[in-house]
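What the coordinates show
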Amino acid sequence: MTVLLELKNTSVFYGKVRATSSVSISVPEGQIITLIGSNGAGKSTTLRMISGLERPQEGDVLFEGQSILSLPPEKITGIGIAHVPEGRRVFSQMTVMENLEMGAYLRSESKEMARNLDLVFSHFPRLKERVGQYAGTMSGGEQQMLAMGRALMSNPKLILMDEPTLGLSPIMCQEIAGIIKEINGNGRTIVLVEQNARLALALAHYGYVLDTGEVVIEGAADKLRENGDIQKTYLGLD
Amino acid sequence: MLKFNLSNHLLVGSLVVIVFFVVAPNLVSAYRLELLTIFLINVILAQSYRLMATTGDWTLCHYILMGVGAYATGVLAKMAGLPFYVVMPMACVVTAFVSLLFAIPLSRTLGFAFFIASFALGEFVRHVWLKFHYPFGGARGINGIPKLEIGQGGEWYFIDFWDSQNFYYFTLIFTILALMILFRIDRSRLGNAWKSIYSDRELSESIGIDVAKSRIMVFCVSGFLAGLAGSLLAYQIGSIDPHNFEMVEMVYLIIWCVVGGVKTFWGPLIGVLSMSVVFELTRPLAEWRPALFGLILILFLVLLPGGLETLPARIRAMLNKTSKQREAG
Amino acid sequence: MGVDTIVQTFTNALVLGSIYAMVAVGLAIAFGVMQMANFAHGELFMAGSYVVFTLYTLVGIPFLIAVILAFPIVAAIGMVFERLIFRPTRGNVLAGFMATAGAGFILQVLVGQQWGVGLMRSIQTPYPGSTEILGAAISYQRLLIFPATVVMVSGLWYFLTRVKHGKALRACAQDPEAAVLQGISLNKMTSLAMLLSGGFAGVGGALMAPIIPVTPYMGHTFAVTAFIIVIVGGMASIEGAVIAAFILGFIHTIVTTMYDSVTATMVGVFFMALVLIVKPTGLMGRVKV
Ligand SMILES: Nc1ncnc2c1ncn2[C@@H]1O[C@H](COP(=O)(O)OP(=O)(O)O)[C@@H](O)[C@H]1O
Ligand SMILES: [Mg+2]
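Residues numbered from 1 in each chain as written. Chains lettered and ligands numbered in written order. Predicted model: local features only at pLDDT ≥ 70, side-chain atom pairs only at ≥ 80, totals over all residues. Heavy atoms only, no water.

Attention now moves to the interface of chain C and chain A. In this complex, chain C contributes 22 residues to the contact, which on the side of chain A involves 21 residues. Overall, the association of chain C and chain A removes approximately 2,100 Å² of surface from exposure, summing both partners, and the carbon and sulfur fraction of that is 53%. Among the residues of chain C in contact with chain A, E177, L181 and Q182 of chain C are the three that bury the most area, contributing 33% of the side total. E98 of chain A serves as the salt-bridge partner of R170 of chain C, at 3.0 Å between the closest nitrogen and oxygen. Applying the counting rule to chain C against chain A returns 11 residue pairs in polar contact (both at pLDDT 80 or more). Counting only elements with at least two residues in the side of chain C that touches chain A, the list comes to α7 (164-174) and α8 (176-181) of chain C. The class makeup of the residues in the side of chain C that touches chain A is 9 nonpolar, 6 polar and 7 charged. (Contact = heavy atoms within 4.5 Å. Buried area = accessible area lost by both parts, 1.4 Å probe. Salt bridge = Lys/Arg side-chain N within 4 Å of Asp/Glu carboxyl O. Polar contact = N/O pair within 3.5 Å; in protein donor to acceptor, adjacent residues only side chain to side chain. Helix = DSSP H or I, 4+ residues; strand = E, 2+ residues; numbered from the N terminus. Nonpolar A, V, L, I, M, F, W, Y, C, P; charged D, E, K, R; others polar.)

This part is about the side chain of S204 of chain B. Residue and element names in this part refer to chain B. Examined against the element boundaries, S204 turns out to sit in helix α9 (residues 201-206). For S204, the side chain forms a polar contact with the main-chain oxygen of S196, separated by 3.2 Å. Excluding anything up to four places from it in sequence, S204 contacts S196, I197, I209 and V211.

With that settled, consider the nonpolar core. In this structure, W58, F112 and F245 of chain B are the most contacted members of the largest nonpolar core, which totals 206 residues. Element by element, the count of residues in this core is highest for helix α1 (residues 3-32) of chain C, at 14 residues. Beyond its immediate stretch of four places on either side in the chain, W58 of chain B contacts Y49, A53, F114, F115, C257, V258 and V262 of chain B together with L94 and M98 of chain C. (Core = buried A, V, L, I, M, F, W, Y, C linked by side-chain atoms within 4.5 Å. Buried < 20%, exposed > 50% of the residue type's maximum accessible area, 1.4 Å probe, protein only.)

Right, let's talk about the arrangement of the chains for a bit. For this structure, the chain pair with the highest number of contacts among 2 pairs of chains in contact is chains B and C. Separated throughout, chain A and chain B approach each other most closely at a C-alpha pair spaced 15 Å apart.

Looking now at the packing of helix α2 (residues 41-59) of chain C against helix α10 (residues 219-233) of chain C. All names here are of chain C. With their axes 7 Å apart at the nearest point, α2 and α10 run at an angle of 130° to one another. Put simply, α2 runs oblique to α10. Taken as a pair, α2 and α10 cross one another with a handedness that is right-handed. Facing G42, E43, F45 and M46 of α2, the residues of α10 in contact are G219, H220, F222 and A223. Looking at the contact of α2 with α10, its residues break down into 4 nonpolar, 3 polar and 1 charged. (Axes fitted to C-alpha atoms, helices over the stretch in contact; angles between N-to-C directions. Parallel < 35°, antiparallel > 145°, perpendicular 65-115°, else oblique. Left-handed = near helix turned anticlockwise from the far one by under 90°.)

Let us look at the domain arrangement of chain B. Residues and elements named next belong to chain B. By domain assignment, chain B separates into domain 1 (27-245) and domain 2 (247-329). Each of domain 1 and domain 2 has a C-alpha centre, and the two are 24 Å apart. Contacts between the two partners involve 28 residues from domain 1 and, on the opposite side, 20 residues from domain 2. Here domain 1 and domain 2 share an interface that buries about 2,100 Å² over both sides, 75% of which is from carbon and sulfur atoms. It is F39, R50 and Y63 that lose the most area in domain 1 upon contact with domain 2, and together they represent 25% of the buried surface on that side. The tally of links from domain 1 across to domain 2 stands at 0 salt bridges. The tally of links from domain 1 across to domain 2 stands at 5 residue pairs in polar contact (both at pLDDT 80 or more). Per element, the largest residue contribution to the side of domain 1 that touches domain 2 is 12 residues, and it comes from helix α2 (residues 30-54). (Domains from an automatic or database assignment.)

Quick look at the site of ligand 1 now. Residues and elements named next belong to chain A. Near ligand 1 you find Y14, A19, S38, N39, G40, A41, G42, K43, S44 and T45, and these make up its full shell. With respect to ligand 1, the backbone of G42 contributes an N or O atom lying 3.0 Å from an oxygen atom. Per element, the largest residue contribution to the shell around ligand 1 is 3 residues, and it comes from helix α1 (residues 43-50). Here the residues of the shell around ligand 1 sort into 3 nonpolar, 6 polar and 1 charged. (Near = heavy atom within 4 Å.)

This brings us to the pairing of strand β1 (residues 130-133) of chain C. Residues and elements named next belong to chain C. With 4 bridges connecting them, β1 and strand β2 (residues 136-139) associate as antiparallel partners. If you follow S130 over to β2, its bridge partner there is S139. Linking two consecutive strands that pair antiparallel, namely β1 and β2, is a turn of 2 residues; a positive phi of about 50° is found at L134 within it. (Pairing = 2+ DSSP bridges.)

Counted according to the given criterion, the structure contains 5 cavities of 30 Å³ or more. Estimates place the volume of the largest cavity at around 70 Å³. Around the largest cavity sit P105, L106, T109, A117, A120 and L121 of chain B together with V269, M272, A273, L276 and I277 of chain C, which together line it. Elements that contribute at least two residues to the lining of the largest cavity include exactly α4 (84-106) and α5 (111-131) of chain B together with α12 (261-278) of chain C. Broken down by class, the residue content of the lining of the largest cavity amounts to 10 nonpolar, 1 polar and no charged. Computed from the structure, the second largest cavity encloses a volume of approximately 50 Å³. Along the walls of the second largest cavity sit L60, C61, Y63, I64, F119, G122, E123, F245, E246, M247 and M250 of chain B, which together make up its complete lining. Secondary structure elements with two or more residues in the lining of the second largest cavity: α3 (62-79), α5 and α11 (247-260) of chain B. Ranked by the residues each element gives to the lining of the second largest cavity, the list is headed by α5 of chain B, at 3 residues. The residue makeup of the lining of the second largest cavity, split by class, is 8 nonpolar, 1 polar and 2 charged. (1 Å grid on protein atoms, 1.4 Å probe; cavity = no way out; pocket = protein on both sides within 12 Å on 5 of 7 lines; lining within 4 Å. Points joined across faces, edges and corners; volume = space filled by probe spheres on them.)

Here you go:
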C-alpha cells in the first residue's frame, strides 16, 4: 500500500505556545484516517499544518514522498490536497455556484470543471437545486455540503475534513457520514478530524488519538473502538 | 561590577539632559535657540501623543488639538487681552474640553475607524477656523498675538519673553513640568491600567477597568497637554492660521512617534530628537526633504516596526542567535 | 430658486457624486482585500491628472486615450505600493496606512520636481462648449464624467461577478484563509486589488484634470472626501461606497449652492461623524465587496 501523506515528528507552535508535539501520522492511499481527541488537542492545528496555513517548527510533511514544507498554501491546494475547514467557511456572500467555481479556481478548464461539477452534484443533489442561492442563507448542513463540494471541485487526491458534523442534527450527521464514505469509495483518500469519535471510528480504517498535542494511541479503527480507554474517554461509555 | 539602580540611572541621565538644556542658550546662536524652543514644544506634543498611543488609540487629530490650544491663546490674549497666566491654563482647559467632545463619539469606534474618524473631526474644527472670521480670522488666522511678559516695562520684576532666551527658559520649565507629569502617569497604576487596554481590551474590562471611560480620560489628558504645546507655539510665533495645523504636520508627528516608538517613555523623545537633527541636517535638500521623510516613515514601518527604542533588544536577540548558532555549529 | 438652478445643482451633484464614486470605489476595493488602507489614494488621483497633463497637453495624444492610459500607469503605482508597503505590513492596518502617507509625500515631491511645485497646470478642455438643459448650462467636459463613471463602475461590477479573478477577489475579501485553501494566491489578489484601486483613482484624476487646478497637492481634498465616503459606506463595501458617494455629492453641492464650500465640507464631515455614532459599521457595513 502506498503512503500518500506522511507527517514525521511535526511540532507546531503559536508564538511560544506549543500546540502539537512530535506528531507522526501516515496516511495510506485510498483510506480514511481519523484524528480524534478532545477540544484543543491539536487536531485542527495538524490539518492546518498539512495545508500550509501553519508552519511546523520541527519535523517534516511528505506528500507522495516529497516534502511540501516549502510550498505556500495555495500551491499545496494545487498539488491535490483539499481542506474543508473547521466551521465550513463558505463564501457567504457568493452563490453556491460561485463557491463551487472558487473550489475549481486552479482547475477551471471548462471540460474538467463540468466533470467535477457533475461529480459534486452526484454526491450532493441538494446543491444542484440551489446553485443560485447565496451560501450565507443556507442551513448549517447545506453549508457543510457546499464546503465539501467546493473541496471536491479541485479534484483532490487527499481531502482534509475538520469536524464536518459539528453542530449538525443527527440526521444530517448521518447524511454527511454517508457521503464521506461515498467520496472515499470513489478512491479519494481522506483525513477526518472529529470530536464525534464514535462516528469517526465507524467511518475510518485507521485512527490516531491526540491529547494535548501528542499522539497517545493509534491503531486500526475497529481495534480502537474496542479499546477500553478510548471508550471511557472519547466514546462516553463506562 | 557596579550595580546601577535604574531610578538613579534615570535621575542622573535626566539631570545631565536638564543641565544641557539650561546652559544651551549660552552655547548656540539665536536662530538655533528658536529651533531648540520649537524642539521643546514638539517634545510636549509627541509625548502627549504617546499617551494616547499607549491605549492603542492612534489619532489623526492631535495637531488640531494643538491648534485649539493655539487658537484659544490667540483669542484670549488678543481679543480678551488677558495675561498669560490666565490665558495658558484656560487654553489647556479649552483644549481638554474639545478633546472630550471628540472623545465621546470616537470612543464608539476602534482601530482604523477611530483613526479616520478622529481625522474627520479634526478637519471639522479646522474648517471652523477657516469659516468664522470672527473670532478666528478665517484663512488669515490671528496675527499679532500680544507678547508674553511678566510685569510692565520699568518694574523690577519685569520679564520680557519676546526675548528668545527668556522664552526658551519659559518653554523649558513647562516642558519639564509636562514630562514629569507624563512620567508619573506612565509609572502609575492608572498608566498601567491604560496600557493594559492596549494589550488586552477584554481582559481589562474583566478586571474592572472601564475601557470607554479610560479612553475618554486619556484623550482629555493628552488634549490638555497638546493645548499647552499649542499655547506655547502661539506665543512663540505670535500669529497662527489654519495652515499651521494641516495634515502634513500631523504626519511629521506620526513620523517622530514611529521612528522613536511609543512603548516606552523614551521612544518619542528619541524620535523627536533624531528627526529634528535629520530635519536640520537636510535643509540643503530643500524641496526633496518631504520625500526623505516619507521614505524614513516607510522604512521604519516596514523594517523596524516598534521604532528605535526596540533596536537594542533586537540587536541583543540577533547576537544571542548568532552565538547560539556558533555553539551549535 | 428657479428651475435652472435646480437642474444646475442636480447635474453638478451628479457629476460630483460620480467622481467621488470613482475615487471612493478604489479605496473600498483595496480596503476590502486584506484591509489595505491607502493614505496616498489622493496622490494616485493626482498622478492621473498629471498623466493627462503630460500625454495630452505636452505630448498631444488625444484626451480620451490619455485618460485610458492613466488606468495602467497609475495602476502600476498602486501595485508598487502593494508590493513595497502593504505586503510587508499585512495584518497591521495602521502601519500600512501611515507608510502610504510617506509614499504620498514621495509622489508629491517627485511630481513637483518634475513639473513644478505649487504651480497650477492648466489643461485645455478638449470638449469646449456646453449644453443647455432647462435653462441650466452644463459643460460637455463635466457631463462626460457621469457616463464615464457608469461605464467604469459597471465594468468593475462585471469583473467582480462574472470573471474568475474578480470572483476570487470577492472570495478573498470575504474570507482570505478560505480563499487561500481554494488555491487563490493572496499576494496576487492584493496586487490585483491595488491595480484596480490605482486604476480607478488614476482615471478619476485624469477626467478631472481639465476641470480642477492641477498641482502636486490637489489629491488631498479628494482623499479626505473619499475616506469620509468609504467610512459612511462601510469601509469595504463597493455598493456602500457608490451610494455614499452620491449622497455626499448631493450634500456637498446643495450646501455649496446655498452657502459655501467650507460649510459644505463641514456638513459632510458632520454627516460622517453622525453615521459613525449611530452605526459604527457604516451604512452598508455588513455587505462586503
Ligand atoms: N491561532 C492560535 N493562536 C494561539 N493558540 C492557538 C491558536 N489556534 C489554536 N491554538 C491552541 O493550540 C491548541 C490546539 O488547538 P486546535 O488545533 O484548534 O485543537 P482542536 O482542533 O483539536 O480542538 C489549543 O491549545 C489552542 O488553544
Ligand atoms: Mg479544531
